[in-house]
Amino acid sequence: MSIHTCPNRWVIETENTAYAFGLNSAGLITQHYWGVRLPRLADYPIPADPAGFASTDGFDHFIPEEYPGYASTKYIDPCLKVIFSDEVRDVVLRYLDFSVETSPNPTLTIRLKDVFYPLQVTLYYRSHPDYDLIERWVTVENLGSEPIHIERFFSAKWTLPIGDNYFLTHMYGRHTDEFNLQREALTPGLKTIESRRIIPSHRAAPWFAIDRGASEEAGEVWFGTLAWSGNFRISAEVTEFASTRVSVGLNDWDFGWKLQPGEPLTAPASISGYTKSGFGGASRLLHAYVRNQVLPHGQVPHKILYNSWEATLFDVDEASQSALAEIAAKMGVELFVMDDGWFHNRNFDNAGLGDWWPDEVKFPNGLGNLIQKVNDLGMDFGLWVEPEMVNPDSDLYRTHPEWVIHFPTRARTESRNQLILNMARTDVQDYIIGVLDKLLTENNISFIKWDMNRAASEPGWPEAPGDQRELWVRYVWGVYRVWGELRHRHPNIIWQSCASGGGRADFGILRLADQVWVSDNTEATSRLHIQEGYSQYMPAITMEAWVTDWNEGVVPLEFRFHVSMCGALGVGGNLLNWDDSARDLAAKCIRDYKEIRPIVQLGMQYRLISAQKNAYSALQYVSPDRAEGVLFVFRVHIPEKYNLPQIYLRGLDPNAIYEVEGYGERSGSGWMEAGLRVPLKNLQSKVLRIKQV
Ligand code: GLA
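Note that the structure is predicted; figures quoted are calculated from it, not measured. (Residues numbered from 1 in each chain as written. Predicted model: local features only at pLDDT ≥ 70, side-chain atom pairs only at ≥ 80, totals over all residues. Heavy atoms only, no water.)

1. Quick look at the domain arrangement of the protein
Each assigned domain of the protein is listed here: domain 1 (3-294), domain 2 (305-513 + 539-602) and domain 3 (609-692). When each unit is reduced to the centre of its C-alpha atoms, the spacing between domain 2 and domain 3 is 35 Å. Every contact between the two is made by 15 residues of domain 2 and, on the other side, 18 residues of domain 3. A combined buried area of about 1,300 Å² lies between domain 2 and domain 3, and 74% of that area is made up of carbon and sulfur atoms. Of all residues in domain 2, Phe-559, His-562 and Ile-599 bury the most surface against domain 3, accounting for 47% of the area lost on that side. On the surface where domain 2 and domain 3 come into contact, there are 1 salt bridge. In this structure, Glu-595 engages Arg-689 in a salt bridge whose closest nitrogen and oxygen atoms are separated by 2.8 Å. Joining domain 2 to domain 3, the criterion identifies 3 residue pairs in polar contact (both at pLDDT 80 or more). Tallied by class, residues from the side of domain 2 that touches domain 3 come to 12 nonpolar, 1 polar and 2 charged. (Domains from an automatic or database assignment. Contact = heavy atoms within 4.5 Å. Buried area = accessible area lost by both parts, 1.4 Å probe. Salt bridge = Lys/Arg side-chain N within 4 Å of Asp/Glu carboxyl O. Polar contact = N/O pair within 3.5 Å; in protein donor to acceptor, adjacent residues only side chain to side chain. Nonpolar A, V, L, I, M, F, W, Y, C, P; charged D, E, K, R; others polar.)

As structure tokens, this is what we get:
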């Protein structure tokens, strides 16, 4: 039902939206609708015919081709650029045929072929009706006997209705300052968000939202993301004819691929949607999709963890970790994670990476005693690893210096004293699978924090079978293979994706990782900003958030807890320095969190007052059945006298009666339309339970 195939036209429907495209009279597949689902097929516009304007412009500047190759007079940002074996660089694609599969999700497949060369392009469209999302990806295949060089290979081009006054929202950042929201007018030209670092990076998030006047809870938003954990590119192009398109895919910066005869190449999935419910509506669709369709354990709330990094840094041993574990267990922590410093010769960040066995000095009897101790205290045990890396001062590097990404004639630039193993190589992949599998098999480990702490440099691969630049893609495939294999062998382990904080937060890694370490910045007021940005595309269940000692003495412990309780609560402070009253407060917050955990981690999230824009902010979660909710309110610093804004709740059943803790009973409508005032002093916070009566 959700894919209609009129002759030479296709309409992909979700519960509330539709995306329509088809062949025009010139035989080109063009897009002609993306918006609200319409009652009748005849309601959708028909594909536009090419019409000339002036000899200086090709028709692609006003007619949106669905998947344009670079050819002819197309000066727009194309999706595909290739060089054929005779040096011809012109891709003339024509429609071949289509097919539809209905299960597990309705999927439309359209085949195109170059009119002369043996290059086949297959476009895939999968509808996710319940989430109002459409997933697109593409495969190119070389059907000939000579290699074809690919220079650009995007996953999708998404076209918006003709017109101007669009705004693009995206996110930028840096280490310890990720996910800053930026909304800017789209004007003729190209605006690109990208990564060139081998991970999506802190610099930009693989996400976009386009609106023409939407608010948090109302108005049209076209949005999307790329399920890819490497170099990505999202480009919004406005042509001189007010046609706006967003291209999404692998970054073509330093990209090259030698497509061998008979070889296919598949681009990662671009997932996009349309909503009339504003930015919040867009986020909730993505959140539900991630929980239900992407995450390995999306229905199981995470345990409250303690992580020892900020308490002990590299100085870990059985005694120091046991002391922390004892306090953590008393506070109600459920999972104890030992961070960096536990493995062979790892006393600082200048040695050890690559040698993944317990340090003989710190753990002369292995990890068994500590794990047993943690388990006896009633907690699971977790461990930090950084599998893609190697320190030059390690047994692994001394044995295999050729295993790192490098150019033979260039110095190997170290960053944090480390080099990157070439995960594109199967011998490297097999080594990591072997050494980590042994670790996980021999020890009762329930959780792994998988870190990745540097960006690529000198991206060479001397033994590459094809074009060395394939490294950017094959590296990510290598990470997926290693992680996927370990997941497969150890299916109950919970994995966290960390890349110096939020450098690798994308829908590709979420098929492997259950959660993300969002930032190395654990200061609570900064964290409010970072968490709000992250929530644009990622659900709270994936957002690991520790309470630490940053800004202690300034920001109250309760405030720090409340901020972390907005995601998957964790603790990362030095518990040895916490006095009894701090430990008691922590125990109380942990008890409270256990009660609201299913609402936060599995519920719908409403950003009521933005923390990135205001010093007084509010965030609400509502259980899927709308019977319960929780309201978080934070005030950072506002000079007195200030009239604090009204807070209007969201997501409640308008006719049901709800009690808001300390505020009495009213109908859902009452709370949503009349709102409530929550007075707070500077650096105060409140968590209020909401219950249907
Ligand atoms: C990175 C991570 C931190 C911590 C350290 C350990 O910086 O983001 O959380 O694990 O590495 O070296």
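After that view of the structure, there is still more to cover.
2. Focus on the pairing of strand 33 (residues 628-635)
For strand 33, a buried count of 7 out of 8 residues is recorded, marking the element as mostly surrounded by other parts of the structure. In this antiparallel pair of consecutive strands, strand 32 (residues 616-622) and strand 33, the connection spans 5 residues, and Arg-626 shows a positive phi of 65°. Relative to strand 36 (residues 684-692), strand 33 runs antiparallel, the two being bridged by 8 bridges. Each bridged residue has a counterpart across the sheet, and for Val-633 the counterpart in strand 36 is Lys-686. (Buried < 20%, exposed > 50% of the residue type's maximum accessible area, 1.4 Å probe, protein only. Helix = DSSP H or I, 4+ residues; strand = E, 2+ residues; numbered from the N terminus. Pairing = 2+ DSSP bridges.)

3. Some remarks on the site of the ligand
Taken together, 13 residues lie near the ligand, and Asp-339, Asp-340, Arg-416, Lys-449 and Asp-520 sit nearest. Side-chain polar atom of Trp-517 to an oxygen atom of the ligand: 3.5 Å apart, as the coordinates give it. Separating an oxygen atom of the ligand from a side-chain N or O atom of Asp-520 is a distance of 2.5 Å. Summarising the interface, the protein chains cover 95% of the accessible area of the ligand, which totals 310 Å² for the free molecule. Classifying every residue of the shell around the ligand by side-chain character gives 4 nonpolar, 3 polar and 6 charged. (Near = heavy atom within 4 Å. Areas by Shrake-Rupley, 256 points an atom, 1.4 Å probe, with all protein chains shown as cover.)

4. Regarding the nonpolar core
One finds Leu-80, Phe-153, Trp-342, Phe-561 and Phe-632 to be the most contacted residues of the largest nonpolar core, which totals 191 residues. In terms of residue count, the dominant contributor to this core is helix 7 (residues 471-489) (10 residues). Here Trp-342 is in contact with Val-316, Trp-356, Trp-357, Pro-358, Asp-359, Phe-363, Leu-367, Leu-383, Trp-384, Val-385 and Leu-439, once residues within four sequence places are set aside. Among the nonpolar cores identified, the runner-up in size contains 23 residues, and Ile-609, Leu-631, Met-672 and Val-678 belong to it. (Core = buried A, V, L, I, M, F, W, Y, C linked by side-chain atoms within 4.5 Å.)

5. Section: the pairing of strand 26 (residues 447-450)
Burial of the side chains of strand 26 extends over both faces: Phe-447 and Lys-449 are buried on one face and Ile-448 and Trp-450 on the other. Summarising the sheet, strand 23 (residues 380-385) and strand 26 pair through 4 bridges and their orientation is parallel. Within strand 26, the residue paired with Gly-382 across the bridge is Phe-447. Two strands pair when backbone bridges link them, and strand 26 and strand 27 (residues 494-497) are joined in this way by 4 bridges, in the parallel orientation. When the bridges of strand 27 are listed, Phe-447 appears paired with Ile-494. Taking the sense of rotation as the criterion, the β-α-β connection linking strand 26, helix 7 and strand 27 turns out right-handed. (Right-handed = clockwise from strand over helix to strand, strands pointing away.)

6. Points about the pattern of salt bridges
Tallied over the full model, the rule gives 40 salt bridges. Bridged by salt links that share partners, the residues Asp-77, Arg-152, Arg-233 and Asp-252 form one connected network.

7. Quick look at the sheet that holds strand 23
Judged by pairing direction, the barrel is parallel, and its 8 strands sit side by side in the order 21-22-23-26-27-28-29-30 before closing back on the first. When the angles between neighbouring strand axes are averaged without regard to direction, this sheet yields 30°. Along the sheet face, helix 3 (residues 318-331) touches strand 21 (305-307), strand 22 (335-338) and strand 30 (568-571) and points at about 155° away from the line of strand 22. (Axes fitted to C-alpha atoms, helices over the stretch in contact; angles between N-to-C directions.)

8. Description of the packing of aromatic side chains
Evaluated as defined, the whole model comprises 41 aromatic pairs. Taking 5.3 Å as the distance between ring centres and 75° as the angle between the ring planes, the aromatic pair formed by Trp-342 and Phe-343 counts as edge-to-face. The pair formed by Trp-342 and Phe-343 is uniform in burial state, with each residue classed as buried. Here the aromatic residues Trp-10, Tyr-19, Phe-21, Trp-34, Tyr-95, Phe-98, Tyr-125 and Trp-158 are joined through ring pairs into a cluster of three or more. Sitting above the plane of the Trp-517 ring, Arg-527 keeps its charged end 4.8 Å from the centroid. Stacked on the ring of Trp-671, the Lys or Arg Arg-666 has its end atom at 4.4 Å from the ring centre. (Phe/Tyr/Trp six-rings, centres within 6.5 Å; stacked < 30°, edge-to-face > 60°. Lys NZ or Arg CZ within 6 Å of the ring centre and 35° of its normal.)

9. Concerning the sheet that holds strand 1 (residues 3-6)
The strand order across the open sheet built from 4 strands is 1-2-3-4, with neighbouring strands paired in antiparallel fashion. The open sheet is flanked by strand 1 and strand 4 (29-36), the only strands paired with a single partner. Between one strand axis and the next, the sheet turns by 15° as a mean value, whatever way the strands run. In this structure, strand 3 (residues 17-23) lies alongside strand 4, joined through 7 bridges in antiparallel fashion. Bridge pairing links Phe-21 to Gln-31 in strand 4.

10. Thoughts on unusual backbone geometry
Apart from glycine, the bulk of residues carry a negative phi angle, and the bulk of peptide bonds sit in the trans form. Backbone torsion omega between Ser-103 and Pro-104 reads 5°, so that peptide bond is classified as cis. Look at the link from Glu-640 to Lys-641: it is a cis peptide, with omega at -15°. Residue placement: Lys-641 occurs in the loop between strand 33 and strand 34 (657-660). For Ser-201, which is not glycine, the phi torsion reads 80° and is therefore positive. With respect to the helices and strands, the residue Ser-201 is situated in the loop between strand 13 (189-194) and strand 14 (207-211). One non-glycine residue, Ala-242, adopts positive backbone phi at about 55°. With respect to the element layout, Ala-242 can be found in the loop between strand 16 (232-238) and strand 17 (244-250).

11. As for the environment of Tyr-663
In this structure, Tyr-663 sits in the loop between strand 34 and strand 35 (664-667). Through-space distance from the C-alpha of Tyr-663 to that of Val-633 is 14 Å; in sequence the pair is 30 residues apart. Excluding its chain neighbours within four sequence positions, the residues that come into contact with Tyr-663 are Trp-671, Leu-676, Arg-677, Val-678, Pro-679 and Leu-688.

12. A few points about the environment of Glu-388
Here Glu-388 shows up in the loop between strand 23 and strand 24 (389-390). Along the backbone, Glu-388 and Arg-454 are 66 residues apart, and their C-alpha atoms lie at a distance of 9.8 Å. Those residues within four positions of Glu-388 in sequence are excluded, and the remaining contacts are Leu-419, Ile-420, Leu-421, Met-423, Trp-450, Asp-451, Met-452, Tyr-475, Val-479 and Arg-504. Side chain to side chain, Glu-388 and Trp-450 meet in a polar contact 2.6 Å long.

13. Concerning helix 9 (residues 557-564)
The element helix 9 is largely enclosed, with a buried count of 7 among its 8 residues. If you check which residues of helix 9 are buried, you get Leu-557, Phe-559, Arg-560, Phe-561, His-562, Val-563 and Ser-564. Residues of helix 9 that are buried in the fold lie against helix 8 (524-534), strand 29 (543-547), strand 30, helix 10 (580-602), strand 33 and strand 36.

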